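Residues per chain are reported as follows:
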Amino acid sequence: MKTIYDIQQFLKSYGTIIYVGHRLSDLQLMEDELKELYKSQLIDTRDFQTALLILRQEIAIEKEKQE
């Protein structure tokens, strides 16, 4: 995984499609969904950490844009 699109496709493979129309909210919901998948032991640690890192970087960028 290298992009948000990759994370969206990854989540889609678990039946999760997230689109609210607000980018920051979408990213935060994706992060929450990843955490739930990890807690349920459906995804491995490496995928979880990689996706979480990408999402947190994008969330930081979006928050900077809003300020």
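In what follows, the accompanying structure is described. (Residues numbered from 1 in each chain as written. Predicted model: local features only at pLDDT ≥ 70, side-chain atom pairs only at ≥ 80, totals over all residues. Heavy atoms only, no water.)

## A word on helix H3 (residues 45–66)
The line we're drawing: A run of H or I in DSSP counts as a helix once it spans at least four residues, and a run of E counts as a strand once it spans at least two, with each numbered from the N terminus. Expected span, for any helix, means 1.5 Å times one less than how many residues it has. Between buried and exposed lies partly exposed: a residue is buried under 20% and exposed over 50% of the maximum accessible area for its type, with that area taken using a 1.4 Å probe on protein chains only. We call two residues contacting when some pair of their heavy atoms lies within 4.5 Å.
Helix length check: H3 (22 residues) gives 31 Å between terminal C-alpha atoms against 32 Å at 1.5 Å per residue, within 8%. Regarding H3, the residues found buried are Phe-48, Ala-51, Leu-52, Ile-54, Leu-55, Ile-59 and Glu-62. Where H3 is buried, its residues contact helix H1 (4–12) and helix H2 (23–39).

## Thoughts on the packing of aromatic side chains
Applied cut-off: Aromatic contacts are taken between Phe, Tyr and Trp rings whose centres are within 6.5 Å, Trp giving its six-membered ring; a plane angle under 30 degrees counts as stacked, one over 60 as edge-to-face, and the others as tilted.
Applying the stated rule across the entire model yields 2 aromatic pairs. Considering the side-chain rings of Phe-10 and Tyr-14, the 5.4 Å spacing of their centres and the 65 degrees angle between planes classify their relative orientation as edge-to-face. Judged by centre distance (4.2 Å) and plane angle (10 degrees), the rings of Tyr-38 and Phe-48 are stacked. Here the residue Tyr-38 occupies a position in helix H2, and Phe-48 occupies one in helix H3, the gap between them amounting to 10 residues. With a relative accessible area of 12%, Phe-48 lands in the buried category.

## As for the packing of H1 against H2
The condition is simple: Between N-to-C directions, angles cover 0 to 180 degrees, with each direction set by a line fitted to C-alpha atoms, over the stretch in contact for helices. Here roughly perpendicular refers to angles of 65 to 115 degrees, roughly parallel to angles under 35, roughly antiparallel to angles over 145, and oblique to all remaining angles. A clockwise turn of the near helix away from the far one marks a right-handed crossing, whereas an anticlockwise turn of less than a right angle marks a left-handed crossing.
With their axes 11 Å apart at the nearest point, H1 and H2 run at an angle of 50 degrees to one another. It follows from the interaxial angle that H1 and H2 lie oblique. As H1 runs across H2, the sense of the crossing is left-handed. When H1 is examined against H2, the residues Ile-4, Ile-7, Gln-8, Phe-10 and Leu-11 are found in contact with a partner set consisting of Arg-23, Leu-27, Met-30, Glu-33, Leu-34 and Leu-37.

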